[in-house]
Amino acid sequence: VRNFVRIPDLNELGNVGISKAELILKVDPEFLGSNDRYAPPTQLSLVVADENGDPTILEDGSLLPLRDLTSGLFPPYNAEEGTYNIIITQYVQDVVSGKVSNTGFLILPRPETYRMNRAVIGGVNHPELAPEIEIFYFNFP
């Protein structure tokens, strides 16, 4: 199971410095089951997407992690808030600066923590659980 994320119009921000960028994904508590039977994965992996929205595969067959572009490689699940808070500051800065293309990234459960876990993430059209992006930036003179 994977979720594709591409933040539209990042290039429209112009000549700015990104102070903080955070993607907030909200888990629908209705699908956790009784007694937290289907707890959400404790952590996620972020993988760079190619121009088709598929995972970027390296020569050795592994997936290209977003680790070089973000400090939020493995965001932990916040059980109190029911969210994954993914810090993507460096990724957004690199896209805005033109260092990387805005091909997006994929969110996957971490293979080593993959068990009988389940998280239903609210989509962009959900009235209460839609993902949020917060970008704090400053204009360069």
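Bear in mind the structure is a predicted one, so any value in this text is a computation, not a measurement.

1. A word on the nonpolar core
The biggest cluster of nonpolar side chains holds 24 residues, and the ones touching the most others in it are Leu23, Ile86, Ile88, Val92, Phe105 and Ile107. Elements represented by at least two residues in this core include exactly β2 (16–26), β3 (44–48), β5 (83–87), α1 (89–96) and β6 (105–109). With five residues, β2 is the single largest residue contributor to this core. Among all residues touching Leu23, those that are not within four sequence positions of it are Val5, Tyr84, Asn85, Ile86, Ile88, Phe105, Ile107, Pro131, Glu132 and Ile133.

2. What to know about the environment of Ile18
Residue placement: Ile18 occurs in strand β2. On the accessibility criterion, Ile18 (10% relative accessible area) is buried. On a C-alpha basis, the gap between Ile18 and Gln90 in space is 7.9 Å, while along the polypeptide they are 72 residues apart. Residues within four places of Ile18 in sequence aside, it is in contact with Leu13, Thr89, Val92, Gln93, Val96, Ile135, Phe136 and Tyr137.

Quick notes on the rules
Residues numbered from 1 in each chain as written. Predicted model: local features only at pLDDT ≥ 70, side-chain atom pairs only at ≥ 80, totals over all residues. Heavy atoms only, no water. Core = buried A, V, L, I, M, F, W, Y, C linked by side-chain atoms within 4.5 Å. Buried < 20%, exposed > 50% of the residue type's maximum accessible area, 1.4 Å probe, protein only. Helix = DSSP H or I, 4+ residues; strand = E, 2+ residues; numbered from the N terminus. Contact = heavy atoms within 4.5 Å.

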